[in-house]
Protein chains: 2
Amino acid sequence: MTSTTYTSGVFALETMDVPGGTETVLRGGRHLFPLLPQAFAGVRRIGVLGWGPQGRAQALNLRDSLAGTGIRVAVGLRPGSRSAADARTHGFTEEDGTLGDWLAVAADSDLVVLLIADAALAAHHQEIFAVLKPGTAIGLSHGFLLGHLRETGGEFPAGHPVIAVCPKGMGDSVRRLYQQGADINGAGINGSFAVHADPDGRAVDLALGWSVALGSPYTFRTTLRSEYLSDIVGERAILLGAVHGIVETLYTRYRLAGDDEVTAYERSCENVTGPIARTISHSGLRAVRDGLSPSDRETFDRAYTATYGPAREIVAEIYDEVADGTELRSVILAERRLGARPMSEIGGSPMWGAGEKVRARRGERALPVEPFTAGVFVATMVAQIDEFAERGHPWSEIVNESVIEAVDSLLPYMHARDVAHMVDNCSRTARLGARRWGPRFQAAYDQIAYPAAELPADQSLVAAFVSHPAHEALAAAAKLRPSVDISVA
Amino acid sequence: MTSTTYTSGVFALETMDVPGGTETVLRGGRHLFPLLPQAFAGVRRIGVLGWGPQGRAQALNLRDSLAGTGIRVAVGLRPGSRSAADARTHGFTEEDGTLGDWLAVAADSDLVVLLIADAALAAHHQEIFAVLKPGTAIGLSHGFLLGHLRETGGEFPAGHPVIAVCPKGMGDSVRRLYQQGADINGAGINGSFAVHADPDGRAVDLALGWSVALGSPYTFRTTLRSEYLSDIVGERAILLGAVHGIVETLYTRYRLAGDDEVTAYERSCENVTGPIARTISHSGLRAVRDGLSPSDRETFDRAYTATYGPAREIVAEIYDEVADGTELRSVILAERRLGARPMSEIGGSPMWGAGEKVRARRGERALPVEPFTAGVFVATMVAQIDEFAERGHPWSEIVNESVIEAVDSLLPYMHARDVAHMVDNCSRTARLGARRWGPRFQAAYDQIAYPAAELPADQSLVAAFVSHPAHEALAAAAKLRPSVDISVA
C-alpha cells in the first residue's frame, strides 16, 4: 500500500478523508509563492530538458512563479532540436543563458527536470546522469524511466535526490489553467509527487515547491511505480484508449438503429465530451444518473451493468501487462518497427466528418445526456476505479487518473478538437497504447456488452455504483480545486 | 534462412520449385506404409500423450497406419483426465496396455508424442523428461515448448532425438481427411517437420515416417522456431484472429449500407467461408479476382489496395511480439488471471443469429463472390504471406500457414459451424491470441482501410498481387495434394 502521509517543513498541509482513511494533501495557490525560495533551498538553477507540451508548460509556469527569487529557469534541448525557435519566442534565449544544449544545461543545474520524450529518455538518460553535479536533484513527471530501468537492469545514480511531480493533465492545460489562475486563485491541474531517493532530506519540500510553482490546486503523494502504472494503464483505458473505442462503437450502434450521421455523433462522441464530462466535472459521477428521467435511468442501468464486466476484464488485462513489463516491450518494439515512419492516423473514419457539422451547430440547443452512452462511459470509468483500488493505489491518484484528468483536461480538449485529433496527437507511448487497447474495448462492447444490455439491469451492480466509495473521494478532491471550465482556444 | 533440403534413407524425395529456389518435399500416400517399419527403426512403442483433438487424431491415424507392424501405439493421460472414456470407446484400453497414466506411458515408449495443452506442457515437461528411457525420441507437433524453454531458460534433455511433425490443420481434419484418404489416396493435411536434436542420425526418417503415418499429402522441412512463429502469428492473423475481425467489420459495413441481417451475413462471413475459400482451394488466389466482372474487379482492387497496408502493419506487429516473447508472456498472464474462469464468448453478437438463418437457406442458390469482401480477405492473406517471406520462412510453410490451412481446414469448419464457434472453441492459446488481435484488424479496417477504399485502387499494389510469386508456390503445393473438399459432419 502506498504511503500517502507526509510532513513539510515549509508548507501547511491538510488531511483529506478518503475511503478507509485519510491522505495528506497540500492545497496550492499563488499566495504560497513567497515560500518557494525556502522550498527550493539549495537550488539556484533549474534546467528543464525538453520543449514538448509538458516541457514548455512547466518551464513557463516555473519561470513565472519564481520571478524575482533569483532562481533561474533554463531550457535544455537536444542538438538540432526544432523547438529552439519556439522557446526563444517565449523568452528563453542563449544570450541570457536560459536556453542551451541539454547536456550543458543539465551540467549547470541544481534541479534537472527531464521532460523529453520517453524514447529519447530511454536512449540518453545515461549521458544526462553522467554530467550532473554532485547532489543535483533529478526530477521526472512520469514514471516511464523507472519502468525502463527496471526492464533493463539500470539504476538512478546514487547521491542524487530523485523526485517526481506529475501534473494530472496534458501540458497545454497545465499552462492554460495556470494562466487562468491569475484571475481565479487555485486554478490549475492537480499533481502527484513521489520521492524515489532522498539522500539529504530535502526531497519532499523540493517536490512540493515544484508542484506549487506549477500551479497545482492540490498535490498528493504517491510512488513512482504507482504513478507509472496508473498513468500508463489510464491512458490505455478511460483517458484515451477506451474513450476512442467507446465512441466508435456507440456511433455505429446509433447509425445501425437508424440515426443520421449528425444525430449519431451527438448521441455518442459529442455526448461524452460535452454534457457527460461537464456533469461529472461539476457534480460527480452519481449526478449523471440522478439527472435522468426514470425511463432513461433504466436505460443507463442496463448499459452500465452490461458494460462493467467486459470493461473490468480489459482493464485488468492492461494492468497485468503494464505491471509485468510486457506492454513496455511492445512500445519499444513498435518504436523500432515504425522508425521514422509516421503512425497511420485514425481521423479518417466516417464519424469524424460528422463531427465537424456537429461542432458547427453547437449552441443551437443544449444537448441532454444520452442515457445509454452515459451508462457505457460511466461503467468503464468505474471499472478502472475499481481495478486501481484493488491494486492498492491511493484514492487521490485513483480519482485523478480515472475521473478528474478525463473530465477536466482531456475530454474538454476532445470536445474542442475531437477524439481522433487527440488520439493522433498525444505522446507516442499514449498513441501506441490507445491503438492497441481501444480496439479491445470496441470489440468487447460490440460483441459482448451491447447484446447483454438488452437484458434487465443487474441490480446489485447498480447498487454498488450508487453506494460506491469513489463518490466520497471525488467530492473531497473536488472541494480542493475551484470548478473552472478550462478555456480551450 | 531455414534449410529446406534434406535426404532420406527410406523415402523417395522430390524437389518442388519455389520462388528463388527449390524445396525438398516428401509426397505421402498409403502406398508408403510398408516402409514405415524401416522409418520407425528402433521404435517398438509410441506413446501419444494427450487426447485433445490432435492427440486423438494422431493416435488413431498412427495406429491405423502401423497396423500389423508390431509397433504399438498407446495413449497416456494425466491422472483424473476426463478423456479416458472417449479413448476407450476408440479402442485404447488399460487391459491391452494401450491406455495409461501419462508418465507411465512415457517411461515405456521409444517415441513420445507430446500433444497435451500448452499450459500443461509448460507445467509438466520436466516430469515427463525425467521418466524417459535413454534415447527415447521426443516428438512435438507445435513449437510452443521451444518458445517456453527459451523464455524460462530451460532445455530439452540431452541424448534424445527431438523432432516435430506439425500437421497444418486442426486435429479433427487430420483424422477426417485421413479417413477420406482410404478412398482418395493422398488425402490428408500437409505437415511440416523439424529436427531440433539428432544425436544418432535417425531423426529425419523417424519424422518423415511419423508424417506419412499421419497421412500427410506432403511433408516439408522447417525449424521448430520457424514453425512456432508462423503458427502463433498465423492463428492471430489470417487463420483466426483477422478472420473474426474481418467478418465483423464487413457485416457492420453492409448493414450500415442498408442490407438486412441475412444479406449482410451472406456478403460477409458466408462469403469468406464459402465461395471465397472454395475458389482459393480449387484454383488459387488470383482466380478470386479473375473470376469477377470488370466492375466487380474494380471494387476488389479498391478494397484490396486499401486493406493491404493496414493489414501488413498489424501482421508485422504481431510477428515482432511473438518473436520477442512478449505475446507468450501475455498468454501466461492471461492464464493466471483467468484461472478457472471461462473466457467470455463472442458468439452473442448480433451477426451470429443471422448465421443460423443463412445456413438454413444454403443451397437455394449459389452465392457469388462478393468483390469488396474478397479484396479485404485476399489483401490480409497476402499481407501475411509477404511478412513471412520477408522474415525468411520456407515457401512451403508460408503457403500452408497463410493459405492452405485456412481454405482446406479452418474455413470449411467455420462454414459448417460459424466463425464465432471456432473462436470460442479452439486452443486456449489461439483463443487468447484471436481475442487480442482480431479487434486490431477490426478497428484498423473500420477506421483506416474502408475509408481509403473509396479512393481509386493503387495500381502498383494490384500489379504486385497479379505477379506475386506466391501464386507459383501455391500451385506447386496444390499439385502435391488431391483437391478434396473436407467433409464436415
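Residues numbered from 1 in each chain as written. Chains lettered and ligands numbered in written order. Predicted model: local features only at pLDDT ≥ 70, side-chain atom pairs only at ≥ 80, totals over all residues. Heavy atoms only, no water.

*Asks:* When you look at the overall build of chain A in this model, what are you seeing that I'm missing?
*Replies:* For chain A, the count of helices and strands is 22 helices and ten strands. Principal axes of the C-alpha set define a box for chain A whose edges measure 65 × 50 × 45 Å. Looking at the 489 residues of chain A, the share that counts as buried comes to 63%. Here the contacts in chain A between residues at least 6 apart in sequence split such that 82% fall between residues at least 24 apart. A total accessible area of about 16,800 Å² is found for chain A, and carbon and sulfur atoms account for 51% of it. (Helix = DSSP H or I, 4+ residues; strand = E, 2+ residues; numbered from the N terminus. Buried < 20%, exposed > 50% of the residue type's maximum accessible area, 1.4 Å probe, protein only. Contact = heavy atoms within 4.5 Å. Areas by Shrake-Rupley, 256 points an atom, 1.4 Å probe, with all protein chains shown as cover.)

*Asks:* How do you make sense of the relation of the copies chain B and chain A when you look at a structure like this?
*Replies:* Copy one and copy two of the chain differ by a rotation about an axis and a translation along that axis. Least-squares fitting of chain B to chain A yields an RMSD of 0.1 Å, with the superposition described by an axial translation of 0.0 Å and a rotation of 179°. Taken together, the rotation and translation relating the two chain copies correspond to the operation of a two-fold axis. Across chain B, the smallest distance between a C-alpha and the rotation axis is recorded for B:Pro439, namely 2.5 Å. Here 100% of the contact residues of chain B are again contact residues in chain A; the copies associate through an equivalent surface. (Least-squares fit on C-alpha atoms with pLDDT ≥ 70 in both.)

*Asks:* I tried to follow the interface of chain B and chain A on my own but got confused; where do I start?
*Replies:* Size of an interface, as often reported, equals the accessible area lost when the parts are brought together. With 36 residues of chain B at the interface, the matching set in chain A holds 36 residues. On the chain B side of the interface with chain A, the three residues burying the most area are B:Arg329, B:Arg337 and B:Gln447, jointly 21% of the side's total. At the boundary of chain B with chain A, the tally comes to twelve salt bridges. Linking chain B with chain A are 16 residue pairs in polar contact (both at pLDDT 80 or more). Among the elements of the structure, α10 (241-256), α14 (294-324), α15 (326-338) and α20 (428-452) of chain B are those that each provide at least two residues to the side of chain B that touches chain A. The greatest single-element share of the side of chain B that touches chain A, amounting to eleven residues, is contributed by α20(B). Across the side of chain B that touches chain A, the residue classes tally to ten nonpolar, ten polar and 16 charged. (Buried area = accessible area lost by both parts, 1.4 Å probe. Salt bridge = Lys/Arg side-chain N within 4 Å of Asp/Glu carboxyl O. Polar contact = N/O pair within 3.5 Å; in protein donor to acceptor, adjacent residues only side chain to side chain. Nonpolar A, V, L, I, M, F, W, Y, C, P; charged D, E, K, R; others polar.)

*Asks:* Even after reading the chapter, I still don't get the sheet that holds strand β6 (residues 111-114) of chain A, so can you show me in this structure?
*Replies:* All names here are of chain A. A sheet is described by the order of its strands in space; here ten strands give the open sequence β1-β2-β10-β9-β8-β7-β6-β3-β4-β5, paired in mixed fashion. The strands lining the two open edges of the sheet, one partner per strand, are β1 (14-18) and β5 (99-101). Each neighbouring strand pair of the sheet contributes to a mean axis angle of 30°, computed without reference to strand direction. Sheet topology note: the strand β2 (residues 21-27)/strand β10 (residues 218-221) ladder contains three bridges and is antiparallel. When the sheet's bridge partners are listed, Leu 26 is paired in β10 with Thr 219. (Pairing = 2+ DSSP bridges. Axes fitted to C-alpha atoms, helices over the stretch in contact; angles between N-to-C directions.)

*Asks:* How should the confidence of the model for chain A be read in this particular structure?
*Replies:* Interpretation of this model should avoid reading the predicted coordinates in detail wherever pLDDT is low. Predicted confidence across chain A gives a mean pLDDT of 91, with 96% of residues reaching 70 or more. With a pTM of 0.84, the predicted complex shows an ipTM of 0.77. (pLDDT = per-residue confidence, 0-100.)

*Asks:* How do you make sense of the packing of aromatic side chains when you look at a structure like this?
*Replies:* The geometry of an aromatic ring pair comes down to the distance between the two centres and the angle between the two planes. Residues and elements named next belong to chain B. Here the structure, examined in full by the defined rule, presents 26 aromatic pairs over all chains. Geometrically, the ring pair formed by Tyr 218 and Phe 220 is tilted, given 6.0 Å between the ring centres and 45° between the ring planes. Its relative accessible area of 0% is what places Tyr 218 among the buried residues. Classification of Phe 220 as buried rests on a relative accessible area of 1%. Centre to centre, the rings of Tyr 319 and Phe 388 are 6.1 Å apart; their planes meet at 65°, and the pair counts as edge-to-face. Here Tyr 319 is found in helix α14, whereas its partner Phe 388 is found in helix α17 (residues 371-390), with 69 residues between them in sequence. Note on accessibility: Tyr 319 and Phe 388 belong to one class, buried. (Phe/Tyr/Trp six-rings, centres within 6.5 Å; stacked < 30°, edge-to-face > 60°.)

*Asks:* Help me understand α15(B), please; the structure alone is not making it clear to me.
*Replies:* Structural remark: α-helix, 3.6 residues per turn; residues separated by three or four positions point the same way. With 13 residues, α15(B) extends 18 Å from end C-alpha to end C-alpha; this agrees with the ideal 18 Å at 1.5 Å per step. Listed in full, the buried residues belonging to α15(B) are B:Thr326, B:Glu327, B:Leu328, B:Arg329, B:Ser330, B:Val331, B:Leu333, B:Ala334, B:Arg337 and B:Leu338. (Expected span 1.5 Å × (residues − 1).)

*Asks:* It is not clear to me how the pattern of salt bridges should be interpreted in this structure. Could you clarify?
*Replies:* Oppositely charged side chains can form a pair if their charged atoms are brought close together. All names here are of chain A. Summed over all chains, the structure comprises 65 salt bridges over all chains. With a shortest N-O distance of 2.9 Å, Glu 94 and Arg 88 are connected by a salt bridge. Glu 94 gets classed as partly exposed once you look at its relative accessible area, which sits at 35%. Arg 88 gets classed as partly exposed once you look at its relative accessible area, which sits at 39%. The partner of Lys 168 in a salt bridge is Glu 227, and the shortest N-O contact between them spans 3.2 Å. Of this pair, Lys 168 sits in the loop between β8 (162-167) and α7 (171-180) while Glu 227 sits in helix α9 (residues 224-236), and the two are 59 residues apart along the sequence. Given the relative accessible area of 3%, Lys 168 is considered buried.

*Asks:* How do you make sense of the sheet that holds strand β1 (residues 14-18) of chain B when you look at a structure like this?
*Replies:* By definition, the strands of a sheet pair up through backbone hydrogen bonds, in either a parallel or an antiparallel sense. All names here are of chain B. The ten strands lie next to each other as β1-β2-β10-β9-β8-β7-β6-β3-β4-β5, forming an open sheet whose pairing is mixed. The open sheet has two edge strands, β1 and β5 (99-101), and neither has a second partner. Within the sheet, the average angular offset between the axes of one strand and its neighbour, ignoring direction, is 30°. As defined by bridge partners, strand β4 (residues 72-77) adjoins β5 across three bridges and the pair is classed as parallel. Bridge pairing links Gly 76 to Gly 100 in β5. Taken strand by strand, helix α22 (residues 470-479) contacts β1, β2 (21-27) and β10 (218-221), and its axis lies near 155° from that of β1.

*Asks:* I tried to follow the side chain of B:Glu317 on my own but got confused; where do I start?
*Replies:* Within the secondary structure layout, B:Glu317 lies in helix α14. Judged by relative accessible area, which is 9%, B:Glu317 ranks as buried.

*Asks:* Would you mind showing me how to read the environment of A:Ala452 here?
*Replies:* Within the element layout of this structure, A:Ala452 appears in helix α20 (residues 428-452). Along the chain, A:Ala452 and A:Ala197 lie 255 residues apart, while their C-alpha atoms are 49 Å from each other.

*Asks:* Teacher, can you tell me more about the side chain of B:Glu248 here?
*Replies:* Its place among the elements puts B:Glu248 in helix α10. The buried charged residue B:Glu248 lacks any salt bridge, with B:Arg255 as its nearest oppositely charged partner at 10 Å. Look past the residues within four positions of B:Glu248 in its chain and what remains in contact with it is A:Gln447, B:Ser349, B:Met351, B:Trp352 and B:Gln442. (Lys, Arg positive; Asp, Glu negative; His and termini not counted.)

*Asks:* Explain the pairing of β10(A) to me, please; I cannot follow it from the model alone.
*Replies:* Along any regular strand, the residues point their side chains to alternate faces of the sheet. Residues and elements named next belong to chain A. Residues Tyr 218 and Phe 220 point to one face of β10 and Thr 219 and Arg 221 to the other, with burial holding for every one of them. Bridge count between strand β9 (residues 191-197) and β10: three bridges; the pairing is parallel. Following the sheet pairing, Phe 193 is matched in β10 by Arg 221. Tracing the backbone out of β9, into helix α8 (residues 203-214) and back to the parallel element β10 gives a crossover that is right-handed. (Right-handed = clockwise from strand over helix to strand, strands pointing away.)

*Asks:* Where do I start with the pairing of strand β9 (residues 191-197) of chain B in this structure?
*Replies:* Note that strand β8 (residues 162-167) of chain B and β9(B) share six bridges and pair antiparallel. Within the sheet, the bridge partner assigned to B:Pro167 lies in β9(B) and is B:Gly191.

*Asks:* Honestly, the environment of A:Lys357 in this entry has me stumped. Any pointers?
*Replies:* With respect to the helices, strands and loops of the structure, A:Lys357 is situated in helix α16 (residues 350-360). Beyond its immediate stretch of four places on either side in the chain, A:Lys357 contacts A:Glu261 and A:Val262.

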